[in-house]
Structure formats: structure tokens, C-alpha cells
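What the coordinates show
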Amino acid sequence: MSALTEQEFKERWSTLHGGAAIKGAVAGWLSFSYQVARVCTALKFTPKFLTLLGLATAVAMAFSTSAGIALVLLIVSLFFDGIDGSVAIVQGRESKWGAVLDSIADRISEACWLYFGWTVGIPAWAAILMWTIAATQEYARARLASLGHSEVGVVTATERPVRAIFLALVLIIFILDIPGVTYISYAFILLLLVSFVQVMRVAKKTLS
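Residues numbered from 1 in each chain as written. Predicted model: local features only at pLDDT ≥ 70, side-chain atom pairs only at ≥ 80, totals over all residues. Heavy atoms only, no water.

With that settled, consider the overall build of the protein. Tallying secondary structure elements over the protein gives eight helices and zero strands in all. Going from N to C terminus, the protein has its helices and strands arranged as α-α-α-α-α-α-α-α. Over its C-alpha atoms the protein spans a radius of gyration of 17 Å, differing by no more than 12% from the 17 Å that the globule rule assigns to 208 residues. Seen through its principal axes, the protein has C-alpha atoms that stretch 50 × 45 × 30 Å. A sequence separation of at least 24 residues applies to 77% of the contacts in the protein between residues at least 6 apart. Total accessible area on the protein is roughly 11200 Å²; 69% of this is exposed by carbon and sulfur atoms. Within the protein, one finds 16 positive and 13 negative side-chain charges whose respective centroids are separated by 6 Å. (Helix = DSSP H or I, 4+ residues; strand = E, 2+ residues; numbered from the N terminus. Rg over C-alpha atoms; globule rule 2.2 N^0.38 Å. Contact = heavy atoms within 4.5 Å. Areas by Shrake-Rupley, 256 points an atom, 1.4 Å probe, with all protein chains shown as cover. Lys, Arg positive; Asp, Glu negative; His and termini not counted. Charge placed at Lys NZ, Arg CZ, Asp CG, Glu CD.)

In C-alpha cells:
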């Protein structure tokens, strides 16, 4: 099979994500991930291997005893998780089973991220609520797809990379010994709720 061009890669990604628009930060990330995916393909890394690396790194973060090391592990975990799907597209290995594994790994990884967030100041109830809202939003998308509809093609303000950025900000604030983790957590919960409502509105419109 001939190699995909970057444009073909982006078009395929958009199709797999319900026709989501490719612009701004999304377009920049896809250009970067396409190049990385080509390198991973040359190194014969499979999508499932990268998924497992992302999960293992997230678990390692949860058991870390240093906020600095946890921050590095968070970045590495997000990187592997963001690349596995791109590698699957470039290698022509997209599959429903791979999508299921990736989704499960994502939920476990985010639980690990938030567990460490709790150790550095996020209230326990807030961490649990964040995970619940994000997981329910992703479940709604997956459930819609299982009913025969395209995945909800809307990019919210709290997609997975943004959730990782929030955790990174919390860790940086902790490292610098700056107060405010609790208040930032409250603000992020509100943003998560807005994103959840946005996805549900699109889902309702799709099913109507």
C-alpha cells in the first residue's frame, strides 16, 4: 500500500472523527503527528504498542513520588496516546478492536493523571467529578457511534489534550508552591460541564 500524503492523512482523520474540522491547533497537531507517525512506522512501532506505552507511562505517573517526574511522565503519556491513532492511520491499521483498546487505555490513563493531581491538591471529589464528566462525554460519543451514527464531530474546549494541559498546570503550580489549585479545579469543572452540554446538544441534533 502506498504511503498516505499529509492531506490524505488529515482527511482520513477527519472522517474517523465524524467530519471534525481541521483548523488551528488541531491542524498543527495533525501535521506534527503525521511526521512522527511516519518515523514510528519506519521503526516498525505498532499502534497497540504505542497505546500500551502511553498507559504504562500514565500508571508510572500515578505512583511517582516527584511532581517534576510526574509532569514529564504526563507529557510522555499524552504523546504516546496522541500518536497511536495517527500511526494506525498511516499504517492502514485502523480497527474497531484497536479503537476499543485505545478508549479503555484513555480512561485508565486519565484516572491515573487525576489520582496524582489529588496528591498535589485537587480535592478528591473534584478529581472524581472531572473524570466522570470527561468519561461520560466520551461514552456519549462512543454510544452514538454504536447506534450507527458518525462520532460527534465537535471539538470542545476540554478535549483530552486540554485535560492534560490542566493537569500540567496543576503540577507546575504545585512545584512553584503557588496557591490556587482548588480554585483552578473549580473553574475547570465548569468548563468540562460546558463541553459536556455542547457534545450532548450535538448528539441530540444528530439523533433527531
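This next bit is on the packing of helix H1 (residues 6-16) against helix H4 (residues 67-91). Axis angle and axis distance: for two packed helices, these are the angle between their axes and the distance between the axes, and together they describe the pair. Close contact between H1 and H4 brings their axes to 10 Å; oriented N to C, the two are set at 115°. Here H1 and H4 pass one another in a crossing that is right-handed. Each of Phe9, Arg12, Trp13 and Leu16 in H1 lies in contact with H4, whose residues at this interface are Ser86, Ile89 and Val90. Per-class residue counts for the contact of H1 with H4 are five nonpolar, one polar and one charged. (Axes fitted to C-alpha atoms, helices over the stretch in contact; angles between N-to-C directions. Left-handed = near helix turned anticlockwise from the far one by under 90°. Nonpolar A, V, L, I, M, F, W, Y, C, P; charged D, E, K, R; others polar.)

Under the defined criterion, the tally for this structure stands at eight aromatic pairs. Measuring from ring centre to ring centre gives 4.2 Å for Phe166 and Phe188, while their planes differ by 0°; the resulting arrangement is stacked. One end of the pair, Phe166, is in helix H7 (residues 160-175); the other, Phe188, is in helix H8 (residues 181-207), with 22 residues separating them in the sequence. Side by side, Phe166 and Phe188 carry an identical accessibility label, which is buried. Three or more aromatic residues joined by ring pairs form one cluster here, namely Phe32, Phe79 and Phe80. (Phe/Tyr/Trp six-rings, centres within 6.5 Å; stacked < 30°, edge-to-face > 60°. Buried < 20%, exposed > 50% of the residue type's maximum accessible area, 1.4 Å probe, protein only.)

So, on to the nonpolar core. By size, the foremost hydrophobic cluster in this structure holds 29 residues, and its most contacted members are Met61, Leu74, Ile122, Met130 and Leu171. Of all the elements in the fold, those that place two or more residues in this core are helix H3 (47-62), H4, helix H5 (96-119), helix H6 (124-146), H7 and H8. The element that contributes the greatest number of residues to this core is H7, accounting for seven residues. Setting aside chain neighbours within four positions, we find Leu74 in contact with Met61, Trp113, Ala164, Leu167, Ala168 and Leu171. The next biggest cluster of nonpolar side chains, apart from the first, holds 13 residues, and it includes Phe9, Val36, Phe80 and Val87. (Core = buried A, V, L, I, M, F, W, Y, C linked by side-chain atoms within 4.5 Å.)

Looking at the element boundaries, Val120 is found in the loop between H5 and H6. Residue Val120 is classed as buried on the basis of its relative accessible area, which comes to 8%. When the C-alpha positions of Val120 and Thr206 are compared, they lie 40 Å apart, and in sequence the two are 86 residues distant. In this view, Val120 contacts Val170, Leu171, Phe174 and Val181; residues no more than four positions away in its chain are not counted.

Moving on, we come to unusual backbone geometry. Phi at Lys44 is positive, roughly 65°, even though this residue is not glycine. Relative to the helices and strands, Lys44 is located in the loop between helix H2 (24-42) and H3.

You can see Tyr115 is positioned in helix H5. Through-space distance from the C-alpha of Tyr115 to that of Pro161 is 17 Å; in sequence the pair is 46 residues apart.

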